[in-house]
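# Coordinate analysis (summary)
This is what each chain is made of:
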Amino acid sequence: RAQVRKHWRHLLAVGTLMAFMMLTQMTAITMTQVPYLIAIKRISIIMSTLWGLWFFKEKTAGKRLWAVLIMVAGVMVIAFTR
C-alpha cells in the first residue's frame, strides 16, 4: 500500500493511457479490417525493441533484433506480393 500511495500519480497516468489505448483500438476496429489493425498494433514489438537498443542500451535487445528483422521481411513480402 505504501508503494501505491507513493506512486499514485504514475499509476493514474498509466491507467489513463491504457484506457485511451483501448478506446482508440476499439474505435479503429469499427473503421477498418481487423487483420490490418492487429498487424499495425504488432508494430509496438518492433518499436519497443528499437527503443530498448537505442535509448535504454539494453544488452539483451540484440537477440530480439533478429525477430524484428524477420517481421520486417514478412511485411515486405506481403507488401510487394499484392
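Treat the numbers as computed from the prediction; the structure is a model and nothing was measured. (Residues numbered from 1 in each chain as written. Predicted model: local features only at pLDDT ≥ 70, side-chain atom pairs only at ≥ 80, totals over all residues. Heavy atoms only, no water.)

Before going further, it helps to spend a moment on the packing of helix 4 (residues 43-54) against helix 5 (residues 61-80). Across the interface, helix 4 lies against helix 5 with an axial gap of 9 Å and an inter-helix angle of 145 degrees. As for how helix 4 packs across helix 5, the hand of that crossing is left-handed. Contacts between helix 4 and helix 5 involve Ile45, Ile46, Thr49, Leu50, Gly52 and Leu53 from the former and Ala61, Gly62, Arg64, Leu65, Val68, Met71 and Val72 from the latter. (Axes fitted to C-alpha atoms, helices over the stretch in contact; angles between N-to-C directions. Helix = DSSP H or I, 4+ residues; strand = E, 2+ residues; numbered from the N terminus. Left-handed = near helix turned anticlockwise from the far one by under 90°. Contact = heavy atoms within 4.5 Å.)

Any pair of aromatic rings gets described here by the distance separating the centres and the angle formed by the planes. Evaluated as defined, the whole model comprises 2 aromatic pairs. Centroid distance tryptophan 51 to phenylalanine 55: 4.4 Å. Interplanar angle 40 degrees. Geometry classified as tilted. A relative accessible area of 43% means that tryptophan 51 is categorised as partly exposed. The exposure class assigned to phenylalanine 55 is exposed, which follows from its relative accessible area of 54%. Relative to phenylalanine 56, the ring of tryptophan 51 has its centre 6.5 Å away and its plane inclined at 40 degrees; by these criteria the two rings are tilted. (Phe/Tyr/Trp six-rings, centres within 6.5 Å; stacked < 30°, edge-to-face > 60°. Buried < 20%, exposed > 50% of the residue type's maximum accessible area, 1.4 Å probe, protein only.)

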